[in-house]
Amino acid sequence: MIDDLLILVGRFHPLIIHLPIGFIVLGILIEFNKKSLKWSNDALKFIFYWATITGIFSIISGFLQYQNGGYLWETVQNHFVAGIFTVFLSFSFYLKLIENSIFKTIPRKLFTIGNSIILIVTGHLGGNITHGEEHLIEPINNLAGFNNLQIETVKYYTDYKKRPLFSSVIQPIIDKKCVKCHNSKKSNGKLKMHNSTELMKGGRNGSIINFDTPEMSEMYIRIHLPREEKKHMPPKGGKQLSKEEINLISRWIKNGSSFEKSIEEFKLDENLISYFFSMEKPFYPMEDVSMPKIETLKKIRSKKILINPISKSSNFFSVNTLNYSEFSDIDLLIMSGIKENIVNLDLSNSKITDSLFFNLKYFTNLTVLKLNNTRIFGDNIDELSKLKSLKRIYLVNSKFDPQNIEKLTKFKNLEKVYLFQENRILKTPRKVSKDYDEIFDFGNYSLDNSEENMKS
Ligand code: HEC
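Reading the values: rules and limits
Residues numbered from 1 in each chain as written. Predicted model: local features only at pLDDT ≥ 70, side-chain atom pairs only at ≥ 80, totals over all residues. Heavy atoms only, no water. Near = heavy atom within 4 Å. Polar contact = N/O pair within 3.5 Å; in protein donor to acceptor, adjacent residues only side chain to side chain. Nonpolar A, V, L, I, M, F, W, Y, C, P; charged D, E, K, R; others polar. Helix = DSSP H or I, 4+ residues; strand = E, 2+ residues; numbered from the N terminus. Axes fitted to C-alpha atoms, helices over the stretch in contact; angles between N-to-C directions. Parallel < 35°, antiparallel > 145°, perpendicular 65-115°, else oblique. Left-handed = near helix turned anticlockwise from the far one by under 90°. Contact = heavy atoms within 4.5 Å. pLDDT = per-residue confidence, 0-100. Phe/Tyr/Trp six-rings, centres within 6.5 Å; stacked < 30°, edge-to-face > 60°. Buried < 20%, exposed > 50% of the residue type's maximum accessible area, 1.4 Å probe, protein only.

Draft legend 1. Geometry of the site of the ligand. Of all residues adjacent to the ligand, which total 19 residues, the nearest are Cys178, Cys181, His182, Arg222 and Met233. The contact in question runs from a nitrogen atom of the ligand to an N or O atom on the side chain of histidine 182, over 2.8 Å. The class makeup of the residues in the shell around the ligand is 10 nonpolar, 5 polar and 4 charged.

If you want it as structure tokens, here you go:
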């Protein structure tokens, strides 16, 4: 009975916290306008008195929610400390207002700034607990154009069926969702999961895999427990396993928890497997390249050349010479140390000539090449025909000679060449087959396929 009551109070935490928030926001607003409000000091005393009282209730209800809601202390501790600090700040401002001797000398501004900051911090930390840390970060990343959609485990392999299920799918899931708390430094429940040997050793209660009765495996049981259960893994508040991930780990355990057996041998449902492997070939090359030396990058950057990885975890780079308009053929040499790392190269508006291609052909992973507004005629462009990854070439407002369009038909993986010219009209030479109409884009869009062109 008492227990249920405490649980109920805990559940009201998300509601109760809006009381001190309201008081503090109102207090800050009044404080900002105190010159025009004669009654401000009396109001502020009242407001911060009640901000303190309701703040204390928020802390109590929050603590009850932590105790009964299955949260880990690590998950809530920062929010908890910030909450206490919020109340402390409200109370000390109240004491200052009633001219308590200790707080009298502290400038009022400090309280206002402190109250504003701590309110945001506490609120944000609390939001992270209920909604997960990605809650705010994700849409911000999306707005900024960072693409988080590529889930770590989704990889493209033509031979994926021959790969071991454990190392290619199961361990990456564990790395993503369990290793944070089960590794060599921090092994909750005395369990480490960062590699198969440690995983087999089990935790405080021995092996987490039961080979005789797989469904009785501790690992199996824990991921299937209802989320509210204290023993559910990953603990509530942390990043949860997806339905498909639970399904796959279950299959792996039920079918003998083998570390060697291939995906094929597990005879898994095609639908399930397709969730973890992208069947589409990725846009950029799949081969891994090593990270270039920092000095090399520094040297390139010192020329005001922009160079950035294409994604957070990639050693492939985008390079742009927009801020270095004097860039000429010879400048390409400073990039020779990273010629395998460059996948996007934008040399638009620079001073390059057709001799560039003799060096550029060694940039083996080049995928997108932009040569807009340059004096490129294309006489040597066939030098690039061996570049397996080259998919897009931009030659807008260049000097490109229509005679050289035919050379581009020798390129194996070209998807699009942009040849729009402002002051002249280029056309596909008659010798070139109609199949290339899709690839060569001259910008002379007609109405009926304008939608198609906008997409590309
Ligand atoms: C936020 C931290 C955290 C994450 C993430 C996490 N665990 Fe745990 N795990 C714990 C804590 C704490 C314990 C010890 C308390 C307990 O037994 O419930 C534990 C215990 C366990 C145990 C019991 C070990 C034993 O012998 O008693 C298993 C099995 C387990 N976790 C599996 C997993 C799996 C599988 C995942 C990923 C899907 C995972 N955990 C993710 C914190 C975590």
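Let us keep going from here.
Draft legend 2. Representation of the environment of lysine 176 within the structure. One can find lysine 176 in helix H8 (residues 165-177). Linking lysine 176 and isoleucine 24, residues 152 residues apart in sequence, is a C-alpha distance of 39 Å.

Draft legend 3. Up close: the packing of helix H1 (residues 2-11) against helix H4 (residues 40-68). Following both chains from N to C, one finds H1 and H4 inclined at 115°, their axes separated by 7 Å at the closest point. In terms of orientation, H1 and H4 fall into the roughly perpendicular class. Both H1 and H4 take part in a crossing whose hand is left-handed. Residue-level contacts link Leu6, Ile7, Val9 and Gly10 of H1 to Ser61, Leu64, Gln65 and Asn68 of H4.

Draft legend 4. Quick peek at the confidence of the model for the chain. When the pLDDT values of the chain are averaged, the result is 87; 90% of them are 70 or greater. For residues 146-153, every residue scores under 50 in pLDDT, and the model assigns this stretch 11 contacts once sequence neighbours within four places are set aside. Across residues 446-456 the pLDDT falls below 50, and counting only partners more than four positions away or on other chains, this stretch makes 4 contacts in the model.

Draft legend 5. View of the packing of aromatic side chains. In total, this model carries 16 aromatic pairs according to the counting rule given. Between the aromatic rings of tyrosine 49 and tyrosine 94, the centroid separation amounts to 5.6 Å while the plane-to-plane angle is 50°, which identifies the pairing as tilted. On the criterion of sequence distance, the pair formed by tyrosine 49 in helix H4 and tyrosine 94 in helix H5 (residues 73-97) is long-range, its members being 45 residues apart. The exposure class of tyrosine 49 is partly exposed, given its relative accessible area of 38%.

Draft legend 6. Summary view of unusual backbone geometry. Cis geometry is found at the peptide bond from methionine 233 to proline 234, where omega equals -10°. The topology assignment puts proline 234 in the loop between helix H10 (218-224) and helix H11 (243-254). Positive phi, normally seen in glycine, also occurs at asparagine 373, with a value near 55°. Of note, asparagine 373 is situated in the loop between strand S4 (368-370) and strand S5 (392-394). Under the relative-accessibility criterion, asparagine 373 is labelled partly exposed at 37%.

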